[in-house]
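# Results of the structural survey
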Amino acid sequence: MRGPLTDPNREPEDKAALAARLFTGRADERVVELLQGMVRGRWSRAVDLISALHDLGIQAILSGAQAGGTLDDVEQEVFAVAREVAANREIRQALEPARRTSTDARVRLAHRLFASRISHPP
């Protein structure tokens, strides 16, 4: 997806329309509008858009936790997971990007290992 949405040769409005077609009905309309604004811009590298969306997602989760009074809980959960990953070489290796393991497989593994120990947004 990042190729068509960050292609500097595509018109900004074409990229925004594509984002709308892909995400309308699958994400909150405010998220779709934000994504449309982001894909209209120029990105030095395609991965920069993904990184920016990732960072915004983290900020949204933390803002929601702060508003809900659960920020301390989220902080403790993050540190507990980080300690476990740091202490277990096999987990670190299994979660590292590798040609032999797809991103989806790594996400499923992380979910299996940690989902029961972390908060889930409403």
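As shown above, the structure is provided for reference.
Residues numbered from 1 in each chain as written. Predicted model: local features only at pLDDT ≥ 70, side-chain atom pairs only at ≥ 80, totals over all residues. Heavy atoms only, no water.

## Regarding the packing of helix α3 (residues 29-40) against helix α4 (residues 46-67)
Rules: Here an axis means a line fitted to C-alpha atoms, over the contact stretch when the element is a helix, while the angle between two N-to-C directions is reported on a 0 to 180 degree scale. Segments assigned H or I by DSSP are reported as helices when at least four residues long, segments assigned E as strands when at least two residues long, and all are numbered from the N terminus. With respect to orientation, any angle under 35 degrees is reported as roughly parallel, any angle over 145 as roughly antiparallel, any angle of 65 to 115 as roughly perpendicular, and every other angle as oblique. The sense of a crossing depends on the near helix, which, turned anticlockwise from the far helix by less than a right angle, makes the crossing left-handed and, turned clockwise, makes it right-handed. The criterion used for residue contact is that any of the two residues' heavy atoms lie within 4.5 Å.
Running from N to C, α3 and α4 cross one another at 150°; their axes reach a closest spacing of 11 Å. Judged by the angle between their axes, α3 and α4 are roughly antiparallel. Where α3 crosses over α4, the two elements pack in a sense that is right-handed. Contact residues: α3 offers L34, L35, M38 and V39, while α4 offers L49, A52, L53 and L56.

## Some words on the side chain of E77
Put simply, the test is: Relative accessibility decides the category of a residue: with a 1.4 Å probe and only protein chains considered, values under 20% of the type maximum give buried, values over 50% give exposed, and everything between is partly exposed. A positive count includes Lys and Arg, and a negative count includes Asp and Glu. His and the chain ends are not counted in either. Salt bridge, as applied in this entry: a Lys or Arg side-chain nitrogen positioned within 4 Å of an Asp or Glu carboxyl oxygen.
Relative to the elements of secondary structure, E77 occurs in helix α5 (residues 71-87). The charged side chain of E77 is buried without a salt bridge, its nearest counter-charge being R117 at 9.6 Å. Those residues within four positions of E77 in sequence are excluded, and the remaining contacts are R117, I118 and S119.

## Structural notes on helix α2 (residues 12-23)
What counts here: To estimate how far a helix should extend, the number of its residues minus one is multiplied by 1.5 Å.
Relative to the 16 Å expected for 12 residues at 1.5 Å per residue, α2 spans 17 Å between its end C-alpha atoms, a close match to the ideal helical length. For α2, the full list of buried residues reads K15, A16, L18, A19 and A20. Immediately beyond the C-terminal end of α2, within one or two residues, lies G25, with a positive phi of roughly 90°.

Don't take any of this as a statement about function, it's just geometry.
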